[in-house]
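Inside the fold
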Amino acid sequence: MRSPISRALLWVLHVALPPSVRPGIVGDLEELHPERVRQRGLLSAGLWLFGQVVVATVRYGPERLKGAMQWGGGGMRVGEMLRGSVRQVRKAPGFAAIVVLMVALGVGVNVTVFALVDGVLLTPLPYPRPERIVSVSEDNPNIQISVGWTSIPNFLDWRERSTSFDAMALFRGRSASVETEGDPEYAYGAFVSEGFFDVFGVQPALGRGFTAEETRTGGPRVVVLSHGLWVRGYGGDQQIVGRTVSVDGRPHTVIGVMPAGFNGPGEWIGAGIQLSLWRALAMDAGDERENRSYSAVARLSDGATLTAARDEVEAIHSRLREAYPDGNGEWRSQILEWEDLVVGGARAPLLILLGTMVLVLVIACANVAGLTTTRILARRIEMATRVALGAHRGAIVSQVLAELSLLVGLGGVSGVLGAQFALAAVKAGLSGLIPRLEVAQLDGTVLLFALLATAVAGLLAGAVATVLSTRHDPARGLGEVRSGVSVLGWRIRGGLTVVQIVASFALLSGAALLARSFQNMNSSDLGFEVEGLTALTVALSWDRISTPEERTAFTREMLRELESIPGVQSAAMINSLPLSGSRQVQRVTIDGITEQGREPAMAIRGVSAGYHSTMEIPLIEGRLMEDADMEGASTALLSENAARLYWPDRSPLGDRVRVSDSGPWLTVVGVVGNVLHSGAGRDMIPELYIPYPLETLTSKSFVVRTAGPADALPASLRSALRGVDAKQPVREVRSMLDWVGVVLAPARFQAMLMVTAALIATILAGVGLFAAIGSLVRERGREIAIRMTLGARKGEVLRLVIGKALTLVVPGMAGGLVLALMLGGVLKGLLFGVEPHSPVLLMSVAAGLLLIASAATGLPAARAASVDPARVLREE
């Protein structure tokens, strides 16, 4: 299957080549390109195809267009115009190469980022009328809790009493072990209630969805498979409906298979999550209202607005607060658009990056226009002479525009080709970290954007070319050539250079802010020692290991196996790894301190003895957990910030805490250092560590610390798991050093892209300033020679040139400072540990730009000061 770029290039040949040669050339390339892809890879094959298209177009294109149209009355034919453009390009290969490179850079980076924006933000979710899908949940301003959670009783009341929804369903994500026709497979799935698929407007391609009977407690075990699992695990068996498959060690009847591409609610559960199955959620109305472990999703009815639905659900919830003050007293309902939950966190960073790349395109266009100005001014004598001899102005303008169109077009195609490979690299490097990243591609919308971006570059350069080519009459044009001065040319180049400096200042300041922010994240205290740590994460089959005693026995056996691996110094277990973003926030009762209904919220971490010593988390006060604490399960540890928040005036040691009304009282025996669980750049939330026999999550992460190389450790960890339970699939094995890199990858990508854009912009601005001052020195060479003949010193000449440069640099820096302050305000939400309007960073950026401006001005100024007046005047 050909890529969009290869199809576009072959389409160019279909249009550009004459019928006499088109079938042979296009047919050969269509056959050779796939073979070259297989032999040398996509990048090499794409560059080869691009070169072949350029050669064939230049060689045969004029023949195809010959006589197609004429300019004016008796003007220049298109074929002649193209041949003339090729001749001009050959005469000035340096100019042509720089223009193509400028346009390629500007278009390439814009197309890459726009492809991300289009795929992540602009492409609708793959459901019928996705804008009608909403999340219905609860929020408590006194508790830091992830958006989107509620309880079963509250959901049932909302569904029964509301009229704003056509369908409403509850779900809960859960990993599982699936026995397929091959090896046992780790799968991520969801428990869902009746009507779940109705909310998304998608029904199973085979079979059916869940009934009300199947979602009652004690209902039959049934499962709906994803298209991927159906093909991957069961060979796409058309008779799969009604077949019994083993999920978590227990038989389930397959009642349906979803169509390819359906992934709800995986896009909300996490970026890169692909659901493999859906099981019936047991809807127990007697469940506690405090148990907000579920998520609700609904489809708005045709007549309902989002505002009306919010008002109705909040009115229902206000009555629930009155009826159940203990469970609902401080909670408020909230309804959010499903799309906002999925991509809301990526919207601001992507739009900021797109705006940044637009500034790069502006700078590139300004550079192309400046180069065009210099090129045309260098040809003034030629153009003025042709007009004086009777050449039509339209023909001259057409010739200039044809040359620019050829170069800009080549630059645009090169930029799109580069964007294809840049996008592939981004998708490979950030897979699973940006929501809906897999949707991003160079489709028709993105290619249209590329065409518009290329057209912008061409129009700006073309406008400059048209003005300079048609402004003067022949006598005035020849007079300017003799005097060497073009006021209009200087104004155009000067204005473009100021624009470049303004944009460069803003981009450099933004890049400095993001780079410093990333540096702060990278060097921030994680709370544990990363080196030498490797983690194995297992999602236990709930039905196969269903009781707390069975889960405790599994954990104990795993720890024994891991500690026996050669080279392992220590091993421990926690229910959610640091940096995972998992909160698991619950209310905690502090004996004798808190009142009912006003208990503080803490993240609950179930750990084994030795966890804190294995992770090298410092002990602040008291002692760590010991093996005996796992047996009695009556002790707990607090994080330092939890102790400081809730015991501000005394030590918490010896006090008792309880996670739920039915849970046991736990005695605080120690305080440990804060650990970053919520991801880089976020706050460390208060945490309570409890013995692992008390925690109920099926996800367990085992961490081991080794002293030396750990290349063979992942295989040993998997072998240890097989020794304990061969049917438990591994969810992930990763060194903590790698995991830190993954967590920081989005911030690194954003900073890297911003820094790259800023460097490109600064180089382009420096080149533009150098070209403007250099052109001025060349044009005013006669004037400088006369001044020096009349007694002007080199210092005066230097001041003249530097003064002209300052007329560009000063307003550019001033405008750039204003734009940088505005950009800092936009970036504020993305920064960590740095102020958006940091005076030190702004002064550093200003100093750096001044240094670059000095370098760009210094060489032309030195050349002007070293002019030999006698030689210049003799040449005149």
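Everything numeric in this text was worked out from a predicted model, so none of it was measured. (Residues numbered from 1 in each chain as written. Predicted model: local features only at pLDDT ≥ 70, side-chain atom pairs only at ≥ 80, totals over all residues. Heavy atoms only, no water.)

1. Some details on the overall build of the protein
From N to C terminus, the protein includes 27 helices and 22 strands. Per-residue burial over the protein gives 52% buried out of 876 residues. Counting contacts in the protein only where the partners sit at least 6 residues apart, residues at least 24 apart contribute 79% of the total. For the protein, the computed accessible surface area is about 37,700 Å², with 57% contributed by carbon and sulfur atoms. (Helix = DSSP H or I, 4+ residues; strand = E, 2+ residues; numbered from the N terminus. Buried < 20%, exposed > 50% of the residue type's maximum accessible area, 1.4 Å probe, protein only. Contact = heavy atoms within 4.5 Å. Areas by Shrake-Rupley, 256 points an atom, 1.4 Å probe, with all protein chains shown as cover.)

2. Quick word on the nonpolar core
Of all hydrophobic cores here, the largest spans 165 residues; its most connected members are Phe196, Trp278 and Trp338. Apart from the residues within four sequence positions on either side, Trp338 is in contact with Leu125, Ile133, Val134, Ser135, Phe171, Phe200, Pro265, Glu267, Trp268 and Val297. (Core = buried A, V, L, I, M, F, W, Y, C linked by side-chain atoms within 4.5 Å.)

3. With respect to helix 25 (residues 794-827)
For the α-helix, the turn length of 3.6 residues means that residues three or four positions removed from each other point alike. In this model helix 25 runs 46 Å from its N-terminal to its C-terminal C-alpha over 34 residues, within 8% of the 50 Å that 1.5 Å per residue would give. Most pronounced at Leu806, the bend in helix 25 amounts to some 30°. Among all positions in helix 25, only Val797, Val801, Ala805, Leu808, Val809, Gly812, Met813, Gly816, Ala820, Leu823, Gly824 and Leu827 are buried. (Expected span 1.5 Å × (residues − 1). Bend = angle between axes of the 7 residues up to and from the residue.)

4. Some points on the packing of aromatic side chains
One pass over the structure, following the stated rule, counts 17 aromatic pairs. Their ring planes at 65° and their centres at 5.9 Å tell us that Phe197 and Phe262 sit as a pair that is edge-to-face. On the criterion of sequence distance, the pair formed by Phe197 in helix 7 (residues 196-200) and Phe262 in the loop between strand 7 (250-257) and helix 9 (266-269) is long-range, its members being 65 residues apart. Exposure class is identical for Phe197 and Phe262. Each is buried. Here the aromatic cluster, defined as three or more aromatic residues joined through ring pairs, consists of Tyr127, Trp149, Phe171, Phe196, Phe197, Phe200, Phe210, Phe262, Trp268, Trp278 and Trp338. Note that Arg289 overlies the ring of Tyr324, its terminal NZ or CZ placed 3.7 Å from the centroid. Positioned above the aromatic ring of Trp331 is the side chain of Arg292, whose terminal nitrogen or guanidinium carbon lies 3.9 Å from the ring centre. (Phe/Tyr/Trp six-rings, centres within 6.5 Å; stacked < 30°, edge-to-face > 60°. Lys NZ or Arg CZ within 6 Å of the ring centre and 35° of its normal.)

5. Looking at the pairing of strand 12 (residues 568-574)
The buried fraction of strand 12 is high, at five of seven residues. With six bridges connecting them, strand 12 and strand 21 (residues 699-706) associate as antiparallel partners. If you follow Ser570 over to strand 21, its bridge partner there is Arg705. (Pairing = 2+ DSSP bridges.)

6. A word on the pattern of salt bridges
Taken as a whole and judged by the stated rule, the model has 16 salt bridges. Between Arg292 and Glu138 there is a salt bridge, and its shortest N-O distance comes to 3.1 Å. In this pair, Arg292 sits in the loop between strand 8 (275-280) and strand 9 (295-300) while Glu138 sits in strand 1 (residues 133-139), placing the two residues 154 residues apart along the sequence. When salt bridges with common partners are traced through the structure, they connect Arg129, Glu131 and Asp302 into a single cluster. (Salt bridge = Lys/Arg side-chain N within 4 Å of Asp/Glu carboxyl O.)

7. Section: a nonpolar patch on the surface
Taken together, Leu798, Ile802, Leu806 and Val810 make up a surface patch of nonpolar side chains, about 320 Å² in accessible area. On the secondary structure map, Leu798 appears in helix 25. (Patch = residues over 30% accessible without salt bridge, like charges linked within 9 Å, V, L, I, M, F, W, Y side chains within 5 Å.)

8. A closer look at unusual backbone geometry
In this model, Gly264 is joined to Pro265 through a cis peptide bond whose omega is 0°. Tracing the backbone shows Pro265 in the loop between strand 7 and helix 9. A positive phi angle is found at Arg129, which is not glycine, with a value near 45°. Residue classification places Arg129 among the partly exposed positions, given a relative accessible area of 43%. Notably, Arg436 is not glycine yet its phi reads approximately 60°, a positive angle. Mapping Arg436 onto the fold places it in the loop between helix 14 (393-429) and helix 15 (444-470).

9. Points about the packing of helix 6 (residues 152-161) against helix 10 (residues 306-323)
At a minimum axis distance of 10 Å, the contact between helix 6 and helix 10 shows a crossing angle of 130°. Comparing the axis directions of helix 6 and helix 10 gives the class oblique. By crossing handedness, the relation of helix 6 to helix 10 is classed as right-handed. Along the contact surface, helix 6 presents Asn154, Asp157, Trp158 and Arg161, while helix 10 presents Glu312, Val313, Ile316, His317, Arg319 and Leu320. A breakdown of the residues in the contact of helix 6 with helix 10 according to their chemical character gives four nonpolar, two polar and four charged. (Axes fitted to C-alpha atoms, helices over the stretch in contact; angles between N-to-C directions. Parallel < 35°, antiparallel > 145°, perpendicular 65-115°, else oblique. Left-handed = near helix turned anticlockwise from the far one by under 90°. Nonpolar A, V, L, I, M, F, W, Y, C, P; charged D, E, K, R; others polar.)

10. Some words on the confidence of the model for the protein
Confidence in the prediction for the protein averages 79 pLDDT; 80% of positions are at 70 or higher. Scored below 50 in pLDDT, residues 67-76 shows 13 contacts in the model against residues more than four places distant or in partner chains. Note that pLDDT drops below 50 for residues 477-485; the model gives that stretch 21 contacts with residues more than four away or on any other chain. (pLDDT = per-residue confidence, 0-100.)

11. Observations concerning helix 18 (residues 548-563)
The terminal C-alpha atoms of helix 18 lie 23 Å apart, and with 16 residues this matches the ideal 22 Å at 1.5 Å per residue to within 8%. Every buried residue of helix 18 is listed here: Arg551, Thr552, Phe554, Thr555, Met558, Leu559 and Leu562. The buried residues of helix 18 all sit within an arc of 160° when viewed along its axis, so they share a single face. The elements touched by buried residues of helix 18 are strand 11 (533-539), strand 12, strand 21 and helix 22 (713-724). (Arc of directions from axis to C-beta.)

12. Let's talk about the environment of Ala856
Within the secondary structure, Ala856 is located in helix 26 (residues 839-865). Residues Ala856 and Gly774, 82 residues apart in the sequence, show an inter-C-alpha distance of 9.0 Å. With residues up to four places along the chain from it excluded, the contact list for Ala856 reads Gly766, Leu769 and Phe770.

13. Regarding the side chain of Asn154
Within the secondary structure, Asn154 is located in helix 6. Setting aside residues no more than four positions away along its own chain, Asn154 makes contact with Glu138, Arg289, Arg292, His317, Leu320 and Asn328.

14. Observations regarding the environment of Phe95
Its place among the elements puts Phe95 in helix 5 (residues 93-122). Through-space distance from the C-alpha of Phe95 to that of Leu371 is 7.5 Å; in sequence the pair is 276 residues apart.

15. Section: the packing of helix 18 against helix 22
Axis separation between helix 18 and helix 22 bottoms out at 9 Å; the angle between their running directions is 135°. With respect to helix 22, the element helix 18 is oriented oblique. The hand of the helix 18/helix 22 crossing is right-handed. Along the contact surface, helix 18 presents Phe554, Glu557, Met558, Glu561 and Leu562, while helix 22 presents Leu717, Ala720, Leu721 and Val724. A breakdown of the residues in the contact of helix 18 with helix 22 according to their chemical character gives seven nonpolar, no polar and two charged.

16. Description of the environment of Leu737
Mapping Leu737 onto the fold places it in helix 23 (residues 736-779). Measuring from C-alpha to C-alpha, the distance between Leu737 and Glu531 comes to 6.5 Å, with 206 residues separating the pair along the chain. Contacts of Leu737, omitting those with residues within four sequence positions, involve Val530 and Glu531.

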